[in-house]
There are 2 protein chains.
Amino acid sequence: MAVSGSALDRLHQHLHQTRLLGSISSALYYDQNTVMPAAGASWRGDQLALLASQLHERQSSSAYAELVAAAEGELGAEAPPEHRRNLQLLRLELERQRCLDPALVSALARAQSRGNAVWQEARANNDFSAFAPALKALIALRRQQASQLAAAEPVARSPWEILAQPFEPDISKARLEELFAPLKAELPPLIAAVASGQASVAAPSQSAEAVDLPEALQERLCAELLDSWGYDPRRCQRARSAHPFSCTLGPQDFRITTRVVPGQPLSAFLATAHEWGHSLYEQGLPRTDDHYFPWPLGEATSMGVHESQSLFWECRVGRSRAFAGRWHGRFASGLEADPWGGAPGFWRALNPLKPGLIRVEADELSYGLHIVLRYELELALLEQEMPVEELPSRWNRRMGELLGLVPASDAEGCLQDIHWAEGLFGYFPSYALGHLISAQLSAAMEQQLGPLEDLVAAGQEAALQGWLGQHVWPLGRLVNAEELVRQVTGRPLSARPFLDYLGAKVADLRGPH
Amino acid sequence: MAVSGSALDRLHQHLHQTRLLGSISSALYYDQNTVMPAAGASWRGDQLALLASQLHERQSSSAYAELVAAAEGELGAEAPPEHRRNLQLLRLELERQRCLDPALVSALARAQSRGNAVWQEARANNDFSAFAPALKALIALRRQQASQLAAAEPVARSPWEILAQPFEPDISKARLEELFAPLKAELPPLIAAVASGQASVAAPSQSAEAVDLPEALQERLCAELLDSWGYDPRRCQRARSAHPFSCTLGPQDFRITTRVVPGQPLSAFLATAHEWGHSLYEQGLPRTDDHYFPWPLGEATSMGVHESQSLFWECRVGRSRAFAGRWHGRFASGLEADPWGGAPGFWRALNPLKPGLIRVEADELSYGLHIVLRYELELALLEQEMPVEELPSRWNRRMGELLGLVPASDAEGCLQDIHWAEGLFGYFPSYALGHLISAQLSAAMEQQLGPLEDLVAAGQEAALQGWLGQHVWPLGRLVNAEELVRQVTGRPLSARPFLDYLGAKVADLRGPH
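Just so we're clear, the structure is a prediction, and the values are computed from it rather than from any experiment.

A.B. asks: Looking at this structure, I do not really get the interface of chain A and chain B. What am I missing?
C.D. replies: Interface size is often expressed as the accessible area that is lost when the parts come together. Counting residues at the interface gives 36 residues for chain A and 36 residues for chain B. If you sort the residues of chain A by the area they bury against chain B, P37(A), W43(A) and L50(A) come out on top, with a joint share of 23%. Here chain A is connected to chain B by two salt bridges. Where D31(B) meets R255(A), a salt bridge forms, and the shortest distance between an N and an O atom there is 2.8 Å. For the pair chain A and chain B, the number of links is 13 residue pairs in polar contact (both at pLDDT 80 or more). Listing elements by their share of the side of chain A that touches chain B, those giving two or more residues are α1 (7–34), α2 (41–60), β1 (236–240), β2 (246–250) and β3 (253–258) of chain A. Ranked by residue count, the leading element in the side of chain A that touches chain B is α1(A), at eleven residues. Residues belonging to the side of chain A that touches chain B are distributed by class as follows: 19 nonpolar, nine polar and eight charged.

The following block contains the structure:
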């Protein structure tokens, strides 16, 4: 390594190459989930494992550790807080990486890739037993990882907490219990109240849900939505995948995917809004002139915050009454029919408020309980010795308790999500946190800009983007999720704004139209 | 590196990782040319440069050199010829890689990626001057590469010859002159004869050429063609790109791309046949159980042979009278009209025998002259100090001399091909060699299986695939292109079979229908 320039410059060079390697993995992942033929999975797994071990080597080598130490040493009292924060985050990550056995890193990458492939097939065949061995292997490897990482944690953490850190830095089970308790207490009665009220007026929205919206029309409406929200085809690309996702392949290369779901005519449209919300956050992170891209500050601060951005566009905007009013005409004229019987019916179709089996199709009312279910089960798998074989029955039983529904098949039960298939334990709670954060940020936004319904009615989505682009996106990892919420809204994160918003929305939806 | 197993085993491990890295580059290249947004180009260039320098390091390191030497030392007199050949090819490639300055390797990768991006835009804007600086940079870098490589060549070679070796091993300018001379002598009078005969009957095929075949219909016909030729979606993937290509991303992961060209209704269909021919060869290379994939014997022996396989399916099958007879009905019924006035007219539309400006749309009669043009010009650019600025005028003048046509714009002149934009000098002659090799292999095939027209009429393409899969594909790099032709056909490669075939076809096309 050429010893020229400051330690910070040399560290920047190192991080640039690390980010190049990481983004190559993202490109392979994108290809794998959009177009790769199934038989390519094994070789792809080897490619990803090779990159993962190279990444691990770069992030844990003595040469890198010396670079970080030299940059720390160079840091004067007058250094900008951004530099200090970058180095603090790099140091924590370095300590974690150095705890990991390289053999485990590459075994994990291989198991994740294999898990993905096995899951695709198991889900298609509704065959949990085909997936169970891969899941067992992933749990064992993740437990091993947590036990290796424990030494690097600045505070004592349980295995689940350790695995959740990359997604939700500084999260704890205790804090989650605190935030989730009001959801568990208030959502079921709210759902029950809606259900009892709906019995009499269910027919119209039922038939609207069954609308057969042709695939080409869905594609066109999604494209129009993106165009109206600033999608730039020179920097963005949209594709199909089994599970919608958003990913960043470079400082000027953003991808999102969606899927058309038979029987769910509004699914692709709402998923597009959702994934675009993720992408807007990524596009707004501090990386002007690529300067920040390789540094921690150029990254999302947590998956919960990430999710708050996608949920804001999907739920607060996409499912609002004003938005339904603006888009109803396009849906009806594209379809040359109006099965919703006007804009209010279309709005109700966007907000069925009816518990369903599938998390990604869930409305705001039941979404949190889907997460509670998964959080409990992954705790059981990782920390309470629950045998993998019990997962389907435990899933189905708890689903009945929380939402009053029992899946007819594992494909629409415990096989529905990709996360565990890739060994992502500790990720799901971020989705629920996203709802809470989105609601609390929205309340702050409304205080400054006025009611969201009015802004959306006036087609002022650019103003919403402007507010987020000023207050939220540029923070990167300068603050963690809870600090971000406190800084932007002036209050600690709580479930209150979300539950208040839901209560008002339910009243509104059940009121006279 | 763990010193266990035989040297050959350890070498295999090393080559496996090298191939993983190389195939990651292929995956990035595929993404870049099918879906990557334009603004992603610069970062993608950095990614590819990083991989190229890693690849170079792996292919030239002392550790690798020691592995090769150890495997050579282990090779007993009783070793199978395949092992001997593998090591011989690895040794030659190692000597070449060790001559190269790593800085040049990564500069070249970056210039190629940049050249591609600049070319895309220059071609779209018909702006040669925007492309010229990138081309100049590529020529300078390639010259530098040739001069560094000269030391490793087993015989004295000119810069162009050195650069052509990776595409056409053992090729020389003298041998090319010998093979191209009959084309230059016999093709122009044949083209002139066709043109004079066509004047009277031109009208019908003219109107057929202008058929507007809807994109969706073209897509469907391409899909049907692939289905009938053994396309397996579990191992293959098809996409769109600006320039059709075929590439292999792993031992079980094959991709092809095509494009729909306005005003060229049969272009996508024939390009699909062409790229599928490439892919069949790749799929048939010796790599059972992935065993050979990392070894040289698992690779195509030359681009000329590769091209012979694509041209066989495009021209010998796809443009045959029998094939036109079998597919005419599907085209006409898809279109709900028959602008070709029956199968014979459709066959003539597949064989316009009319010189055009675009190489990839050229028929068999003029294709060779497109190559002569490019071969002369790249020799001039690389070895005869021709200024880059003169390329458009020299291109247009020589195009007039060889084919009697002058491009109205550089976009359909010297900017039409991607090759030079990626610094691929020495590649074009392989296309012409492909025509010669295809014709000579076809003659040998006909001696054994009977007339191709009869086999195609009976829908026996599987038999043709079987013959190629027995005699050609499994050879890999065991023999070079000329040796392959001699081994399979019993004669040295010559232009005679190709010119004889063309003469007969022209007579047939001009005869009574």
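Now that the structure is up, let's keep going.
A.B. asks: Got a minute to help me understand the relation of the copies chain A and chain B in this structure?
C.D. replies: The relation between the two chain copies is a rotation about an axis coupled with a shift along that axis. Once chain A is rotated about the relating axis by 180° and shifted along it by 0.0 Å, it coincides with chain B to within an RMSD of 0.0 Å. Accordingly, the operation relating the two chain copies is best matched by a two-fold axis. Most of the interface of chain A is mirrored in chain B, where 100% of its interface residues are also at the interface.

A.B. asks: Could you clarify how one ought to interpret helix α20 (residues 481–489) of chain B in this entry?
C.D. replies: Residue and element names in this part refer to chain B. Of all the positions in α20, only A481, L484, V485, V488 and T489 are classed as buried. The arc enclosing the buried residues of α20, seen along the axis, measures out at 100°, which places them on a common side. Those residues of α20 that are exposed and angled more than 90 degrees off the buried face are R486 and Q487. Check the buried side of α20 and you find it contacts α12 (303–317), α17 (429–449) and α19 (461–471). In the segment just after α20, G490 is the residue with positive phi, at about 80°.

A.B. asks: Just checking my understanding: could you explain the packing of α1(A) against helix α3 (residues 62–74) of chain A for this structure?
C.D. replies: The angle between the axes and the distance between the axes are what describe a pair of packed helices. Residue and element names in this part refer to chain A. Running from N to C, α1 and α3 cross one another at 145°; their axes reach a closest spacing of 8 Å. For the element pair α1 and α3, the recorded crossing hand is left-handed. Contacts between α1 and α3 involve A7, L8, R10, L11, H14 and L15 from the former and Y64, L67, V68, A70, A71 and E74 from the latter. Class assignment of the residues belonging to the contact of α1 with α3 gives a composition of nine nonpolar, one polar and two charged.

A.B. asks: Before we go on, may I ask you to explain the side chain of S60(B) in this structure?
C.D. replies: Residues and elements named next belong to chain B. Tracing the backbone shows S60 in helix α2 (residues 41–60). What makes S60 buried here is its relative accessible area of 16%. Polar side-chain contacts of S60 include one of 2.6 Å to the backbone oxygen of H56. With sequence-adjacent residues up to four places away left out, S60 is seen in contact with L94, Q97 and R98.

A.B. asks: Would you explain the sheet that holds strand β2 (residues 246–250) of chain B in this entry?
C.D. replies: The strands making up a sheet associate through backbone hydrogen bonding, with each pair oriented either parallel or antiparallel. Strand order in the open sheet formed by three strands is β1-β3-β2 (chain B), with mixed pairing between adjacent strands. Of all strands in the sheet, those bounded by a partner on one side alone are β1 (236–240) and β2 of chain B. Across this sheet, the average inter-strand angle for adjacent strands is 25°, counted without regard to direction. Note: β1(B) against strand β3 (residues 253–258) of chain B, five bridges, orientation parallel. Residue pairing across strands places Q237(B) opposite R255(B), the latter belonging to β3(B). Helix-sheet contacts for α2(A) involve β2 and β3 of chain B, and the interaxial angle to β2(B) is about 70°. Across the face of the sheet, helix α10 (residues 215–228) of chain B comes into contact with β1 and β3 of chain B while running at roughly 160° to β1(B).

A.B. asks: How should the packing of aromatic side chains be read in this particular structure?
C.D. replies: All names here are of chain A. One pass over the full model with this rule turns up 48 aromatic pairs over all chains. Summarising the aromatic geometry, the rings of F331 and W340 are spaced 6.1 Å apart at their centres and angled 85° between planes, so their arrangement reads as edge-to-face. The exposure classification of F331 matches that of W340, with both residues buried. What links up through ring pairs into an aromatic cluster is the set W229, F269, F312, W313, F323, W327, F331, W340 and F346. In this arrangement the basic side chain of R359 is found over the ring face of Y431, its NZ or CZ atom lying 4.5 Å from the centre.

A.B. asks: Teacher, can you tell me more about unusual backbone geometry here?
C.D. replies: Note: most peptide bonds trans; most residues except glycine with negative phi. Residues and elements named next belong to chain A. Residue N126 is not a glycine yet carries a positive backbone phi of 50°. By secondary structure assignment, the location of N126 is in the loop between α5 (102–124) and α6 (128–149). Overall, N126 belongs to the partly exposed group, its relative accessible area being 35%. Even without glycine at this site, L353 takes up a positive phi of about 45°. Topologically, L353 is positioned in the loop between α14 (343–350) and α15 (364–383).

A.B. asks: Looking at this structure, I do not really get the pattern of salt bridges. What am I missing?
C.D. replies: Once their charged atoms are close, side chains differing in charge can pair, the charge on each being opposite to the other. Taken as a whole and judged by the stated rule, the model has 68 salt bridges over all chains. Between R496(A) and E186(A) there is a salt bridge, with its nearest N and O atoms 3.0 Å apart. In this pair, R496(A) sits in helix α21 (residues 496–510) while E186(A) sits in helix α8 (residues 173–198), placing the two residues 310 residues apart along the sequence. Given a relative accessible area of 37%, R496(A) falls into the partly exposed group. Residue E186(A) is classed as partly exposed on the basis of its relative accessible area of 31%. Each of D31(A), R44(A), D253(B) and R255(B) takes part in salt bridges that share partners, so that together they form one network.

A.B. asks: Looking at this model, I keep getting lost on α15(A). Mind explaining?
C.D. replies: An α-helical segment advances 3.6 residues per turn. Residues three or four places apart therefore align on the same side. All names here are of chain A. Over its 20 residues, α15 extends 29 Å from the first C-alpha to the last, a length consistent with the 28 Å expected when each residue adds 1.5 Å. Among the 20 residues in α15, 18 count as buried, and that is most of the element. Between the side-chain oxygen at the start of α15 and the backbone nitrogen of L365 there is a gap of 2.9 Å, and the oxygen is on D363. Of the residues one or two after α15, E385 is the one with positive phi, at around 60°.

A.B. asks: What is the right way to look at the environment of H243(B) in this model?
C.D. replies: All names here are of chain B. By the element assignment, H243 lies in the loop between β1 and β2. As for H243 and D417, which are separated by 174 residues in sequence, their C-alpha atoms are 8.1 Å apart. With sequence-adjacent residues up to four places away left out, H243 is seen in contact with T257, R259, R359, V360, Q416, D417, I418 and H419.

A.B. asks: How should I be thinking about the sheet that holds β2(A) in this particular structure?
C.D. replies: Residues and elements named next belong to chain A. In spatial order, the strands read β1-β3-β2; together these three strands make up an open sheet with mixed pairing. Looking along the sheet, the strands with just one partner apiece sit at the ends: β1 and β2. Sheet twist, expressed as the average angle between the axes of neighbouring strands with direction ignored, equals 25°. Together, β1, β2 and β3 form the strand contacts of helix α11 (residues 267–284), whose direction differs from that of β3 by roughly 160°.

Parameters at a glance
- Residues numbered from 1 in each chain as written.
- Chains lettered and ligands numbered in written order.
- Predicted model: local features only at pLDDT ≥ 70, side-chain atom pairs only at ≥ 80, totals over all residues.
- Heavy atoms only, no water.
- Contact = heavy atoms within 4.5 Å.
- Buried area = accessible area lost by both parts, 1.4 Å probe.
- Salt bridge = Lys/Arg side-chain N within 4 Å of Asp/Glu carboxyl O.
- Polar contact = N/O pair within 3.5 Å; in protein donor to acceptor, adjacent residues only side chain to side chain.
- Helix = DSSP H or I, 4+ residues; strand = E, 2+ residues; numbered from the N terminus.
- Nonpolar A, V, L, I, M, F, W, Y, C, P; charged D, E, K, R; others polar.
- Least-squares fit on C-alpha atoms with pLDDT ≥ 70 in both.
- Buried < 20%, exposed > 50% of the residue type's maximum accessible area, 1.4 Å probe, protein only.
- Arc of directions from axis to C-beta.
- Axes fitted to C-alpha atoms, helices over the stretch in contact; angles between N-to-C directions.
- Left-handed = near helix turned anticlockwise from the far one by under 90°.
- Pairing = 2+ DSSP bridges.
- Phe/Tyr/Trp six-rings, centres within 6.5 Å; stacked < 30°, edge-to-face > 60°.
- Lys NZ or Arg CZ within 6 Å of the ring centre and 35° of its normal.
- Expected span 1.5 Å × (residues − 1).

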